[in-house]
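Given next are the chains, with one letter for each unit.
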Amino acid sequence: MEIQRAVAADAGEILTLQRAAYVSEAQLYGDPYIPPLVESLEQVRKAIETGVVLKAAEAGRIVGAVRGSVAGTTCLVGRLVVAPDCQGRGLGTALLGALHEQVPDAEAFDLFTGHLSEPNLRLYKRLGYRETHRERMDDHLTLVHLRHARPADRG
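Nothing here was measured: the structure is a model prediction, and the numbers come from that model.

(A) Layout of the packing of helix α1 (residues 11–29) against helix α3 (residues 41–50). Where α1 contacts α3, the two axes come as close as 9 Å, and the packing angle between them is 115°. Relative to α3, the element α1 lies roughly perpendicular. Once α1 is placed against α3, the crossing between them reads as right-handed. Contact residues: α1 offers A11, G12, I14 and L15, while α3 offers L41, V44, R45 and I48. Residues of the contact of α1 with α3, tallied by class, amount to 6 nonpolar, 1 polar and 1 charged.

Structure, rendered in structure tokens:
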């Protein structure tokens, strides 16, 4: 498996992967209109062109991706996706680690996931992310916000 920066030409395959990966989240929350499922090809292309989007490829197939956008000294992490048939093999861990390396000046990495997304919460906590707050969106969804702060003496 190889992790590298995505290019605009990868947008279609990343969008397809994203939709496959987020179907289980949509089912978990009973909402087929969650943002990752309704995002357009143009929106994915723009994310690739304006932020840090990494892809994990295996045998010519994109099997994982993650996005990062820098706001001040914080990297906002989004759309960590792994192909359903490749989950549980450490791809999410590898992608987040690679993102941390690609954004060396960030003092912290922030992300969020749904409160029922136990595998996601376990992964993030195992990787050193700590819950900062919860945000109730509606009766069925509370977003759990997490942060990974780099050590101050990383010099």
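Back to the write-up after that little detour.
(B) Focus on the side chain of Q18. If you trace the backbone, Q18 turns up in helix α1. Beyond its immediate sequence surroundings of up to four residues, Q18 is in contact with P36, E39, R67, R79 and V81.

Reading guide: rules and limits
- Residues numbered from 1 in each chain as written.
- Predicted model: local features only at pLDDT ≥ 70, side-chain atom pairs only at ≥ 80, totals over all residues.
- Heavy atoms only, no water.
- Axes fitted to C-alpha atoms, helices over the stretch in contact; angles between N-to-C directions.
- Helix = DSSP H or I, 4+ residues; strand = E, 2+ residues; numbered from the N terminus.
- Parallel < 35°, antiparallel > 145°, perpendicular 65-115°, else oblique.
- Left-handed = near helix turned anticlockwise from the far one by under 90°.
- Contact = heavy atoms within 4.5 Å.
- Nonpolar A, V, L, I, M, F, W, Y, C, P; charged D, E, K, R; others polar.

The values reported here are purely geometric and, on their own, carry no functional implication.
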